[in-house]
Structure formats: C-alpha cells, structure tokens
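The residues making up each chain are set out below.
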Amino acid sequence: MHASVEQPHGEQDVQPLLVVRDLQAYYRTSHAGVRRAIRAVDGVSFAVRRGEIYGLAGESSSGKTTLIKSIAGAIKPPLEIVGGSMEFAFLPGYGGLHRAPPAQVERIRWRHLSYIMQGSMNVLNPVRRIRCSFTDFAYPHIGGSRQQFEQQVVAHLSRVRLDPSVLSAFPHELSGGMRQRAALALATICRPGFIIADEPTTALDVVVQKEVLGMIRGIQRETGSSVLFVTHDMGVHAHITDRLAIMYAGRLVEEAATAEIFRNPLHPYTQNLIASLPRIGEDAPRAGLGGAPPNLADPPSGCRFHPRCPLAREICSREVPVMREAGAGHRVACFAVNGDDGA
Amino acid sequence: MNDLLLDVRDVSKTFVRGGLFSREEIVAVNKVSLQLAAGRPEILAIIGESGSGKTTLARMILNMVTPTSGRLLLDGTDLAAISGSAGRIAFMHKVQPIFQNPFESFNPLKRVERYLLMTRRRFAAAAGGSTAATAVDAALHKVGLSLKEVGGRYPHELSGGQLQRVAIARALLAEPKLIVADEPVSMIDASLRISIVNLFRTLRDELGISIIYITHDLATAYYISDRILIMQKGSVVESGDARAVLTAPRHPCTRQLREAALLPQIAGGGANASGTTQVI
Ligand SMILES: Nc1ncnc2c1ncn2[C@@H]1O[C@H](COP(=O)(O)OP(=O)(O)O)[C@@H](O)[C@H]1O
Ligand code: SF4
Ligand SMILES: [Mg+2]
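Residues numbered from 1 in each chain as written. Chains lettered and ligands numbered in written order. Predicted model: local features only at pLDDT ≥ 70, side-chain atom pairs only at ≥ 80, totals over all residues. Heavy atoms only, no water.

This brings us to the overall build of chain B. For chain B, the count of helices and strands is 11 helices and 10 strands. Across the 280 residues of chain B, 52% fall into the buried class. Of the contacts made within chain B by residues no fewer than 6 positions apart, 66% connect residues no fewer than 24 positions apart. About 12000 Å² of surface is accessible on chain B, with carbon and sulfur atoms providing 51% of the total. (Helix = DSSP H or I, 4+ residues; strand = E, 2+ residues; numbered from the N terminus. Buried < 20%, exposed > 50% of the residue type's maximum accessible area, 1.4 Å probe, protein only. Contact = heavy atoms within 4.5 Å. Areas by Shrake-Rupley, 256 points an atom, 1.4 Å probe, with all protein chains shown as cover.)

Pasting the structure below:
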C-alpha cells in the first residue's frame, strides 16, 4: 500500500513539520509458544503543518497511542517499527527519532519536541520532587539565574492553575489531575515547536480542562508551534483542533478540517461516530457501532471496517482502500466514497 | 419487601489529614440524603468537580467508607450492621461497583478470564445451572466482548476501553440490583461510550438494575439519566429531573459546569483551519 501524503493546499512552499509515510508499528508477542504480531499501526500516512493543532481521534485500541509512541521515539519491545518513516523538519534525514543518534534526540527534546504521554507519569520522575523534574529537563534549555528560573516556573504553573507548593511535592502526592497539569506545564515551559500530547486532559474536570486547553491554544498561538493532539473525546476535538484524522483499527480512514469532519463526515465509520454523540437538548436515541471491535492480531482482510460497515460491498473484504482526496483538503479511505478503483 | 432500594439519610464524611499538631479536617460529604425506590429502577446521575465528594459518597454506598454521621440502608439493611463474609457477599450480590480506572480494579498478574471465573464462582448460587465459562462468555457478550477475545490476556494487554467493558461484565456476574459506576466512561471512546450508556439503559429496563452514574460528561448524563444530583464541596446544590436541570440550570455551580462542558459540535461559519472554532 502506497498512500501519498498530500501537501497542504496553497502553501506547497511551506514544508510540513512532520511527515509520516506508510508507517507500520507492530507489537510482537509470544504467548504459550504462539507468536503473534498485533498490527496496531499498519500503513499510516499524514503530515502535520506548521502552526496547526492536528487532532487524532478513534476508538480505544485503534492504535492512537502506538502511533504517538512511534512518532515520539518511545519504542520499547514488544513494539517494533516494521516499515515506513517519520520525518521531522527539525531533524531531517533520519526517518524517525528511533533512528537518530541519542545526542541528536537529546538536543531537540523539550526545546523542539515535547511528548505528553497518556497517564502523564513519564516526564515526572516518581522519586524526585516536581521542582527537580523542572530543573532537570527545563533549566538546561532556559538557563539564567536559578531565582529567575524558579519565578518563570511558578508563573507557568499558574497558567495551569497549580499552586507553587506543588514544586515541593512528589508526583504520587498529587491527584491525577494535578499530575497531568504538572506534566503539561513541564512539556510547554520551553515553548517547543512541536508538542505531542496523548489524552492530556482526560483526567481533568470540565472547568479545569477548558482552562488547560486554553493554555495549550495560547502557547501554540504565541509561539506558532504545532500540536499533535490525541484524544477520543470529540468535544475536545471540536474545541481545539484545526484538522482532524480519524483512526480505525490501525489505519487512518478520514482526514479533514475539524469543522468539515463534524459537518460532512464521509467515511461510514466517521458518520456513525459523529451521529452517536449525545448532545444536551437532543432526545433522539443514539446507536453505538454494532459488531465487535477488530482484533489487531488477526485483523479483517481488505477494509478493516468491512465486518461492521453498512455499505460494505464485495471489493471491501478483498482490497485495502487508500486515502484519496474526496474534496478540498478532505481525504477518505473508502470504496463507497472513492469508487471501486480507489485501491 | 422494602419500598426503598437505597436510603441515604443525612450522611457526612470528614477526613482528618496531618499529624498531631497540624490537624486539618476535610468535610468530603456534608449531610447528603438520597433515595432510590425499590421496584422502580432508575438511573441517577451525580455530577460535580473532582473533590466535590462524589467518589466518597459512592464509596459510602458501596460500604467501603464508613460515614462520620448519618445512616445508609440498602433494601432495609443498615450498612453499619453488615458483618462477616456471608453478610458481605449478600451485600455484594445487591450492589456492584464500577470504577474509573479499570487498570486499578484488576490484578495485573492475573489473566482477566481467571478473575471473571473466580467472580462467577463466588456468585454461582445466583445464576442458574450454566457452566462458569458460559456465564462469563454471556456477560462478556453483553458488553460487546467475548471470552475468545479476552482469553489468555493480562490486563495490560487490553486497552482501557476493553478492560472497562470487562469490569462491567464482571459486575453483571453478581446479578446486582444496584450498580454504582464512578466515572465509568471517562476513559472510553465516543462510539463505545454510547454503547455502554445504552447498555446501562438496557440493564435498567430489562434486568431491573438501578444505576448511580457518576460522571463529568454532561451530555451522556442528559442522554441517559432519569434524575440528577449536582454536588459542590460535599453538598448537593441542585437536584431533580435530569433534562430539566441540564437545560435550565438554576444553581451557579450547575451553570458553570454547563458552560465549561465541551460539546461535540461546531458553531456555524468560520473555518477551523484558522483556529476560530467556537464551541456551543
Ligand atoms: N505492550 C503491548 N503489548 C501488546 N499489545 C499491545 C501493547 N500495547 C498496546 N497493545 C495493543 O495494540 C493495539 C493498539 O493499542 P493502542 O495503541 O494503545 O490504542 P489506542 O491508543 O488507540 O487506545 C491494541 O490491540 C492493544 O491491545
Ligand atoms: S471501504 Fe467498504 S467496508 Fe470500508 S468503509 Fe468503505 S464501504 Fe465500508
Ligand atoms: Mg491511547
């Protein structure tokens, strides 16, 4: 499968910040002597432009976290990059952080790229006070006097509504929401050009969540940075992302401006997803998706959505539909939308 | 037969933090009362920010936390009077919990099906003659999974969404009258979220199970609940018919929650690419 990555419309001269091509990332496990590969990311191509918040949505186990871990270079067995490339504008030529020399990766971390992991524990060292995490990671990039640095940290913490007293706490002494906000503050204090965030506001209360999203949007605007924002929460996507990609069973099935996805979803999976969302004031019953979620150790042939798709036709179980432009800046991988030659 | 399945009477819970000299009292729940009628299953949503006392209230109903004052009765039995393992098992037959983080409710070293089979054996008396595996598979099917799919897997090999469905299947094995679900869908994706919320409705309508649904997702609360309680700083500040409260909130706290809720819709005009998304 060789899907092409579209260049952004009208700005072909501007190189995207990240180009992912045909990425395949599998978990290779063996259980009771039986080896299996979980094909969590299987042929994903997209580009993140400069200065945009690019959203990634999809049901749990669709491979979002695996995709994000691969891009962020957080690849540990059993996860393996099986094929494809991830090219960053600020680290060209390697095809992925996992292939770049550690010294290069060290150089760009925090300053150019920061990664907020699902659960947000990774950046906060569990045996060190929060203050030490800031000094360890951010101070080398920010510099200045210790006192100035501390002032800057305190000011930044207040943007995520954290009291300076958290600096003296250990991560386990904070609530999940406070930890998540501390991790967010740490990931954004160096104003990196690219922020990768996996469910960064999922543990937060609605009121705090809205403020934290405002903080992310504010930093992104001030610095013109790009954000790759993963969440299953469609309300968050509607609120913050510029473009949105929908993932299903390890592949992207649709990508467009966020408003376009909400108003004019074309892929049958996306259509069901949008129609299933309850809204205050609307009383009509909503239906979830029928059928079972796919097993990525033995995914359906052809279009992985075909066993659950109301529009499935003969070709769907035989061939893999590729992402095709179905409208301006709107890509879809579906035979019913693109026609049977869409393979 | 009692008229009330659950009768929470004026319960409070105060936690004491700190040492001998710096005692700090935190009133987590402050004089809360609520009733669920027997024989009239309903879904009651409890909404509030974290720290507002929802989880502490849930834990008192689940008899995991003892109230500082007030009483809780389940089917006429005072929770304070439950003792011994037989008493606790009888209690768990009636009330089952579902927690927010399914990874915390499963032993990471045990395969999930073993856990389900153990649960089923503990409650075997409740279910007819079906074999344990059949009962477990049937419960898994009710939540959109199967024994074939989760067989042989450890909790960390399942995603949060899959594991939460396993947790609900596990609760169903006890055939309870009441399920107390604390943020059960906050880690679950939208299409599955509606399936699970619809599943709660089916449990209410077909199995006669009442559900206390603690959430910060106002949209699903609106969609599924019959009644709603809004909590702030340990107290109930507003309650009533779910649709009425959420469409015309009266208390400032409810209004603030209603305004901060990010609804999955895009306001008219304005391309998102320019970052002008409006949330309505
Ligand atoms: N450490 C692991 N070992 C084996 N399988 C895994 C591991 N982590 C995730 N998976 C599997 O990979 C698939 C994709 O998971 P994930 O990337 O976490 O999806 P999402 O973030 O969209 O929920 C799922 O089938 C999941 O069970
Ligand atoms: S390619 Fe076929 S099965 Fe897949 S979404 Fe389109 S119509 Fe459905
Ligand atoms: Mg994930």
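A word on the overall build of chain A. A count of helical and extended segments in chain A gives 11 helices and 11 strands. At 21 Å, chain A has a C-alpha radius of gyration in line with the 20 Å of a compact globule built from 343 residues. Taking the principal axes of the C-alpha coordinates as reference, chain A spans close to 65 × 50 × 50 Å. Within the span of chain A, comprising 343 residues, buried residues form 56% of the whole. (Rg over C-alpha atoms; globule rule 2.2 N^0.38 Å.)

Looking now at the site of ligand 2. As a matter of local geometry, ligand 2 sits amid 13 residues, with A:Cys303, A:Cys309, A:Cys316, A:Cys334 and A:Phe335 nearest to it. Taken together, the residues of the shell around ligand 2 sort by class into 11 nonpolar, two polar and no charged. (Near = heavy atom within 4 Å. Nonpolar A, V, L, I, M, F, W, Y, C, P; charged D, E, K, R; others polar.)

Summed over the entire model, instances satisfying the criterion amount to 25 salt bridges over all chains. With its nearest N and O atoms 3.0 Å apart, the salt bridge here joins B:Lys177 to B:Asp75. Of this pair, B:Lys177 sits in the loop between helix 7 (160-172) and strand 7 (178-182) while B:Asp75 sits in the loop between strand 4 (69-74) and strand 5 (77-78), and the two are 102 residues apart along the sequence. The exposure class of B:Lys177 is partly exposed, given its relative accessible area of 35%. Within the structure, one salt-bridge network assembled from shared partners comprises A:Glu52, A:Arg243, A:Glu255 and A:Arg331. (Salt bridge = Lys/Arg side-chain N within 4 Å of Asp/Glu carboxyl O.)

A few words now on the nonpolar core. Counting 63 residues, the largest nonpolar core has A:Phe46, A:Ile71 and A:Phe194 as the members making the most contacts within it. The leading source of residues in this core is strand 2 (residues 34-48) of chain A, at six residues. By size, the runner-up hydrophobic cluster in this structure holds 58 residues, among which are B:Ala132, B:Leu145, B:Ile194 and B:Leu203. (Core = buried A, V, L, I, M, F, W, Y, C linked by side-chain atoms within 4.5 Å.)

The next subject is the sheet that holds strand 2 of chain A. Residue and element names in this part refer to chain A. The strand order 2-1-4 describes an open sheet built from three strands, whose pairing is antiparallel. The open sheet terminates on both sides in strands that have one partner only, identified here as strand 2 and strand 4 (79-88). Here the strands of the sheet are splayed against their neighbours by 10 degrees on average, with no regard to which way each runs. One ladder, built from eight bridges, connects strand 1 (residues 18-31) with strand 4; its direction is antiparallel. Of the residues in strand 4, the one forming a bridge with Val 20 is Met 86. Contacting strand 1, strand 2 and strand 4, helix 1 (residues 64-72) crosses the sheet at an angle of about 115 degrees to strand 1. (Pairing = 2+ DSSP bridges. Axes fitted to C-alpha atoms, helices over the stretch in contact; angles between N-to-C directions.)

Time to look at the site of ligand 1. Within the structure, ligand 1 sits among 16 residues, and A:Ser61, A:Lys64, A:Thr65, A:Thr66 and B:Glu157 are positioned closest to it. Surrounding ligand 1 are residues belonging to chains A and B, so the site spans chains. A distance of 3.2 Å separates an oxygen atom of ligand 1 from a polar backbone atom of A:Ser62. Out of a free accessible area of 570 Å², ligand 1 has 84% covered by protein chains. If you list the elements that add at least two residues to the shell around ligand 1, you get strand 1, strand 2 and helix 1 of chain A. At three residues, helix 1 of chain A tops the list of elements feeding residues into the shell around ligand 1. (Polar contact = N/O pair within 3.5 Å; in protein donor to acceptor, adjacent residues only side chain to side chain.)

Attention shifts here to the interface of chain B and chain A. In this assembly, 50 residues from chain B lie in contact with 49 residues from chain A. At the boundary of chain B and chain A, one finds one salt bridge. Between A:Asp283 and B:Arg243 there is a salt bridge, and its shortest N-O distance comes to 2.8 Å. If you list the elements that add at least two residues to the side of chain B that touches chain A, you get helix 7, helix 8 (190-207), helix 9 (218-224), helix 10 (242-247) and helix 11 (252-260) of chain B.

On inspection of all chains with the given rule, the structure shows zero disulfides over all chains. As a non-bridged cysteine, A:Cys132 has A:Cys190 as the owner of its nearest cysteine sulfur, 16 Å distant. (Disulfide = S-S within 2.5 Å.)

Moving on to the packing of aromatic side chains. Counted according to the given criterion, the structure contains 10 aromatic pairs over all chains. The structure contains a cluster of three or more aromatic residues connected by ring pairs, namely A:Phe88, A:Phe90 and A:Phe194. Above the plane of the ring of A:Tyr139 lies A:Arg146, whose end atom (NZ or CZ) is 4.2 Å from the centre. Against the face of B:Tyr223 rests B:Arg201, its NZ or CZ located 4.9 Å from the ring centre. (Phe/Tyr/Trp six-rings, centres within 6.5 Å; stacked < 30°, edge-to-face > 60°. Lys NZ or Arg CZ within 6 Å of the ring centre and 35° of its normal.)

Let's shift gears to the confidence of the model for chain A. Overall, the prediction assigns chain A a mean pLDDT of 89, with 94% of residues at 70 or greater. Note that residues 1-13 of chain A has pLDDT below 50 and, in this model, 24 contacts with residues that lie over four places away or in other chains. (pLDDT = per-residue confidence, 0-100.)

All names here are of chain A. Alignment of strand 1 against strand 2, held across 11 bridges, turns out to be antiparallel. Looking across to strand 2, one finds that Arg 28 is bridged to Ala 37. The turn linking strand 1 back onto strand 2 is made up of two residues, and Ala 32 within it adopts a positive phi angle of 50 degrees.

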